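The residues making up each chain are set out below.
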Amino acid sequence: MSHKSWMKTVPTENCDVLMTLPDTTDDHTLLWLLNHIRLGIPELIIQIRHHKHTRVYALFVTATYESLLRGADEIGLRKPVKAEFGGGTRSFSCEEDYIYENIENELHFFTSQERQNIIRYWLENLRAKQGEMLHNIHFLEGQPIIPELAARGILQQVFPIHEQRILNRLMKSWVQAICEPQPLDEICEYFGVKIAMYFAWLGFYTSAMVYPAVFGSLLYTFTENDQPSLLPRPQPNQTSRDVCCVVFAIFNVIWSTLFLEEWKRRGAEFAYKWGTLDTPAESIEEPRPQFQGVKRISPVTNAEEFYYPPWKRLLFQCLVSLPVCLFCLSFVFLAMLGCFELQVRMPSAPQRASERNG
C-alpha cells in the first residue's frame, strides 16, 4: 500500500510515525510486537488500525509532550535559547527547560521532523533480551528489534506522516515559485538540517555555474567570429581557439577556488544559524541486521557494540574474496587473449575477397 493512501486514512492528527505489517501477519506476531514496544518504550502511544480493503495492520505511533521533552534531552536535540539567557542554540536539558524559546507552547516547540526523529531514535533502540525469539527469528542479546523485523519482512514499512498543511505551503513558496530564493529555513524546520543543507548547496552551485556558462559562451562566440574571410569555407582560426581554451582553463581554476571558499563560508553560516556548527560527530550507527558478531564494550566509545574479529574477516578475504577476484581476472585475461588470437587467425574481409577473385 502506498504512503499517500495511508496519509489519507489517518483517523487523527495525533500520529507521527506509521508502521505497517503485511496482510499475512498473524495475531501472535502483532501482539508480540505491540507488547515489546509498550514494555520497552513506555513513552510511546500506539494505536492499531486495520485497513479493510487491503487487510493490512498499521501501528500509529506518537508520544506525549512530556515524553518528547525527555527524548530531546536524551538525544541532545539543539533548540534556540531565549535572548535573556544568552540566545543562540544549545542541547536541550529538562533541568533548564525554562531557558528555551516557546517551551510553553506544546504545539510549536517541536517541529514534526524533531518529533519523528525522537520517536525513530526510540524505535531503533528497542533491543532484544537474551534468548528472545519470534517464530524462527532468534535475536541476539542487545540486538535492535525493529531493523531486524523490517529486514525479515515482518514489518512492511516504517515511515513518518507528512503534514499536508506545511506541504501545501512549501509547494507554493518553493516548488511552484519561479526566480525566488528557496525557503531554506522552512525546509530545515520540516525536513531537517541535512536536506536543507543539500538544497542550499544545490542552489548555490546552480547560481555559481552562471559565471563559467556566460564566460564560456562569450569565448565561443569570439572564436567562431574570428575566421578568415578569403576562404570559400571559412574555418575558425586555430590560434585564437587555442588561446581561448587556455583562458577558459585558467578561468575555471580561479572560479573553482573561489567557489569552494565561498561555499565554506556559506555552509558555516547555515550551520551556525541552524545550530549544527559545534555539534559533535554523529554517534556510530547501528550495524545492519545481517551483521553477526560478539557483544562487547567498545574501547573507543565505551558503549556496547557487536564485534567481529579482524582475523575472521581477513580469513574470509584470503580464502574467498581473493580467489574469486583472481579467477575473474584470469578469465577476462584469457578471453582477451582468445580475441587477439581469433583476430590473427581469421583473415580480414579484403583478404578473403582477393583470395576468392584470385
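The model shown is predicted, which means the values in this text are computed figures rather than measured ones.

### Quick notes on the environment of I45
Okay, so step 1: Its place among the elements puts I45 in strand 2 (residues 44–51).
Okay, so step 2: Between the C-alpha atom of I45 and that of L59, which follows or precedes it by 14 residues, the distance is 9.7 Å.
Okay, so step 3: Setting aside anything within four residues of it in sequence, one finds I45 in contact with F60, V61, T62, A63 and T64.

### Some details on the nonpolar core
Okay, so step 1: Membership of the largest hydrophobic core comes to 40 residues, with the highest contact counts inside it found for L33, I37, L44, L59, F110 and L149.
Okay, so step 2: Residue contributions to this core peak at five residues, all from helix 2 (residues 27–40).
Okay, so step 3: Those residues in contact with F110 that sit more than four places away from it in its chain are Y65, L68, L69, A72, L77, K79, R115 and I118.
Okay, so step 4: In terms of nonpolar packing, the next biggest core, distinct from the first, is built from 16 residues, Y190, A196, F259 and W263 among them.

### Quick word on the pattern of salt bridges
Okay, so step 1: One pass over the structure, following the stated rule, counts 13 salt bridges.
Okay, so step 2: With its nearest N and O atoms 3.1 Å apart, the salt bridge here joins E124 to R120. Of this pair, E124 and R120 both sit in helix 4 (residues 112–124), four residues apart, roughly one helical turn.
Okay, so step 3: The shortest N-O distance in the salt bridge between R165 and E163 comes to 3.5 Å.
Okay, so step 4: The exposure class of R165 is exposed, given its relative accessible area of 56%.
Okay, so step 5: Shared partners join several salt bridges into a network, and the residues in it are D16, R115, E163 and R165.

### Description of the sheet that holds strand 8 (residues 157–160)
Okay, so step 1: If you walk across this open sheet you meet the four strands as 2-3-1-8, and the pairing is antiparallel. Whereas interior strands pair on both sides, the edge strands pair on one side only; in this sheet they are strand 2 and strand 8. With strand direction ignored, the average angle separating the axes of adjacent strands in the sheet is 20°.
Okay, so step 2: As paired elements, strand 1 (residues 17–21) and strand 8 share four bridges and run antiparallel to each other. If you follow L18 over to strand 8, its bridge partner there is F159.

### Quick look at helix 7 (residues 184–191)
Because each turn of an α-helix spans 3.6 residues, side chains separated by three or four positions in sequence point in the same direction.
Okay, so step 1: Listing the buried residues of helix 7 in full gives L184, I187, C188 and Y190.
Okay, so step 2: Looking at the buried residues of helix 7, the elements they touch are helix 4, helix 6 (164–175), helix 8 (193–208) and helix 10 (238–273).

### Quick word on the packing of aromatic side chains
Okay, so step 1: A full pass over the atoms with the stated rule returns 19 aromatic pairs.
Okay, so step 2: Both rings, one in Y65 and one in F110, keep their centres 6.0 Å apart while their planes meet at 65°; by these two values the pair is edge-to-face. Pair noted here: Y65 is in helix 3 (residues 65–75) and F110 is in the loop between strand 5 (89–91) and helix 4, with a separation of 45 residues, a long-range link. Assigned by exposure class, Y65 and F110 land together as buried.
Okay, so step 3: Judged by centre distance (5.6 Å) and plane angle (35°), the rings of F204 and W263 are tilted. One end of the pair, F204, is in helix 8; the other, W263, is in helix 10, with 59 residues separating them in the sequence. Here F204 matches W263 in class, with each residue buried.
Okay, so step 4: Through a chain of ring-to-ring contacts, the aromatic side chains of W201, F204, Y205, W255, F259 and W263 assemble into a single cluster.

### Some words on a nonpolar patch on the surface
Okay, so step 1: Residues W311, L315, F316, L319, V320 and V324 make up a contiguous nonpolar surface patch of roughly 620 Å² in combined accessible area.
Okay, so step 2: One can find V324 in helix 11 (residues 310–345).
Okay, so step 3: Here V324 falls in the partly exposed class, since its relative accessible area comes to 44%.

### Quick notes on the confidence of the model for the chain
Okay, so step 1: When pLDDT is averaged across the chain, the result is 83; 85% of the residues are at 70 or more.
Okay, so step 2: Per-element averaging of pLDDT across the chain places helix 1 (residues 3–9) at the bottom with 44 and helix 8 at the top with 94.

About the cut-offs
- Residues numbered from 1 in each chain as written.
- Predicted model: local features only at pLDDT ≥ 70, side-chain atom pairs only at ≥ 80, totals over all residues.
- Heavy atoms only, no water.
- Helix = DSSP H or I, 4+ residues; strand = E, 2+ residues; numbered from the N terminus.
- Contact = heavy atoms within 4.5 Å.
- Core = buried A, V, L, I, M, F, W, Y, C linked by side-chain atoms within 4.5 Å.
- Buried < 20%, exposed > 50% of the residue type's maximum accessible area, 1.4 Å probe, protein only.
- Salt bridge = Lys/Arg side-chain N within 4 Å of Asp/Glu carboxyl O.
- Pairing = 2+ DSSP bridges.
- Axes fitted to C-alpha atoms, helices over the stretch in contact; angles between N-to-C directions.
- Phe/Tyr/Trp six-rings, centres within 6.5 Å; stacked < 30°, edge-to-face > 60°.
- Patch = residues over 30% accessible without salt bridge, like charges linked within 9 Å, V, L, I, M, F, W, Y side chains within 5 Å.
- Areas by Shrake-Rupley, 256 points an atom, 1.4 Å probe, with all protein chains shown as cover.
- pLDDT = per-residue confidence, 0-100.

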